[in-house]
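Listed here are the chains, written in short residue letters.
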Amino acid sequence: MSPNITLFIENDYEQLSRKAARIFADSVRTNPVGSFGFATGGTPEGMYTEMIKMQKAGEADFSQLTAYNLDEYFPIEPDHHQSYEYFMANKLFDAIGLPHDKRNIPRGDAKDPHIEAAEYDVLAIGSRIQMQILGIGNNGHIGFNEPSDYFRGATGHVALTQSTIDSNARYFDSPDDVPRHAITMGVKTIMMAETILLLASGEAKAPILWDALKGLITPLVPASILQMHRDVIVVADNAAAKHLAAV
Ligand code: GLP
């Protein structure tokens, strides 16, 4: 494994969530008013629950940071129950008391997604993200950077692959309701974060986690670019890390 990757293997999802929240809180403590990158998906939910507990217990203060989210479906109304704006408000931001003007998420209702993406890219890069939380898609995507024949650089308006539509359909009333596009931070934008905190849980992620961390660096596995980043922390549970641990 690349020496720039630190791997923590935890027994289960609960321990993974606690470990990730502690690592994140340690980073926020060094600069409580810094910029931090957030992710959606099922994996970071437990970590967000732990962060809320820490905030309420006075063990950490996440209310002064500035948040930048990786991505948002397009088009989607911000108050739609499956928008990432809604997700972040409900799973984390409201409970930690993060002011609305510190929540940056690409707008799913922007008039022009390309202009929205370009403006968001400038914002995110200019903010110098200290730690970027990432999950990993079953197909190796990070944010909504899908497998492709090139690494998407800047934040952009992208088409979702059928595999992503299928795996996200579980959250919608019907698969037809899943938006076919999204605005996502690009790979270059993600790589500019000072530290990446990648979470992976469950056996289904084991093969792709191996591909990402030990396989060939290829845009067919967008997360494999993380091998080139100078500071990546991976927190996985035993199930997701089972191939990594075996080598
Ligand atoms: C979505 C998000 C990704 C996330 C991925 C994995 O498509 N855009 O940021 O990492 O799903 O989700 P899960 O954690 O639910 O497996």
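An account of the accompanying structure is given in this report. All values derive from a computational prediction rather than experimental measurement.

**So, helix H4 (residues 113-126)**
Here's step 1: Taking 1.5 Å per residue as the helical rise, H4 with its 14 residues ought to reach 20 Å, and the 20 Å between its terminal C-alpha atoms agrees with that figure.
Here's step 2: For H4, the set of buried residues is Pro113, Glu116, Ala117, Tyr120, Asp121 and Ala124. Down the axis, H4 shows its buried residues gathered within 135° of arc, on one side only. Seen from the buried face of H4, the exposed residues on the opposite side, beyond 90 degrees, are Glu119, Val122 and Gly126.
Here's step 3: Close packing links the buried residues of H4 with strand E3 (66-69), strand E4 (71-74), strand E5 (103-104), strand E7 (156-159), strand E8 (181-184) and helix H6 (187-191).
Here's step 4: Capping the start of H4, Asp112 holds a side-chain oxygen 2.7 Å from the backbone nitrogen of His114, two or three residues further along.
Here's step 5: Looking at the residues trailing H4, positive phi occurs at Arg128, about 50°.

**Re the sheet that holds strand E1 (residues 5-10)**
Here's step 1: Taken in spatial order, the seven strands make up an open sheet running E1-E10-E9-E6-E2-E3-E5, and their pairing is parallel. Two strands in the sheet have a free side with no partner beyond their single neighbour: E1 and E5.
Here's step 2: Summarising the sheet, strand E2 (residues 35-38) and strand E6 (residues 131-134) pair through two bridges and their orientation is parallel. Looking at the pairing, Gly37 lines up with Gln132 of E6.

**Some remarks on the site of the ligand**
Here's step 1: Close to the ligand lie 15 residues, the nearest being Gly42, Thr43, Asp71, Arg170 and Lys205.
Here's step 2: Separating an oxygen atom of the ligand from a backbone N or O atom of Gly42 is a distance of 2.7 Å.
Here's step 3: Gly143 places a polar main-chain atom, nitrogen or oxygen, 3.2 Å from a nitrogen atom of the ligand.
Here's step 4: Out of a free accessible area of 390 Å², the ligand has 92% covered by protein chains.

**Some points on the pattern of salt bridges**
Here's step 1: According to the stated counting rule, one finds six salt bridges in the structure shown.
Here's step 2: Asp94 is paired through a salt bridge with Arg103; the nearest N and O atoms lie 2.8 Å apart.
Here's step 3: For Asp94, a relative accessible area of 45% puts it in the partly exposed group.
Here's step 4: We classify Arg103 as buried; its relative accessible area is 16%.
Here's step 5: With a shortest N-O distance of 2.6 Å, Glu203 and Lys242 are connected by a salt bridge. With a gap of 39 residues between them, Glu203 in the loop between strand E9 (195-200) and helix H7 (206-214) and Lys242 in helix H8 (residues 242-246) connect regions that are remote in the sequence.
Here's step 6: Since its relative accessible area comes to 36%, Lys242 is described here as partly exposed.

Conventions we followed
Each residue is numbered by its place in its chain's sequence as written, counting from 1. Owing to the predicted nature of the model, reporting of local features is limited to residues with pLDDT of at least 70; listing and counting of side-chain atom pairs is limited to 80 or more, with chain, interface and lining totals taken over all residues. As a convention, hydrogens and water are excluded, and side-chain values are obtained from all of the structure's heavy atoms. Strands are runs of DSSP state E lasting at least 2 residues, helices are runs of H or I lasting at least 4, and numbering of each runs from the N terminus. Expected helix span is computed as 1.5 Å times (number of residues minus one). Burial classes: relative accessible area under 20% of the type maximum marks a residue as buried, over 50% as exposed, and values in between as partly exposed (1.4 Å probe, protein chains only). An arc is given here, and it is the one of the directions from the helix axis to the C-beta atoms. We call two residues contacting when some pair of their heavy atoms lies within 4.5 Å. Counting of polar contacts relies on pairs of N or O atoms within 3.5 Å, with two restrictions inside protein: one atom must be capable of donating a hydrogen and the other of accepting it, and residues adjacent in sequence are counted only when both atoms are side-chain atoms. For two strands to count as paired, DSSP must find a minimum of two bridges between them. One heavy atom suffices: a residue is near a molecule or strand as soon as one of its heavy atoms comes within 4 Å of it. Only the protein chains shown count as covering a residue, and every accessible area follows the Shrake-Rupley method with a 1.4 Å probe. Each salt bridge in this description consists of a side-chain nitrogen of Lys or Arg and a carboxyl oxygen of Asp or Glu lying within 4 Å of one another.

Limitation: the analysis is restricted to geometry and does not speak to function.
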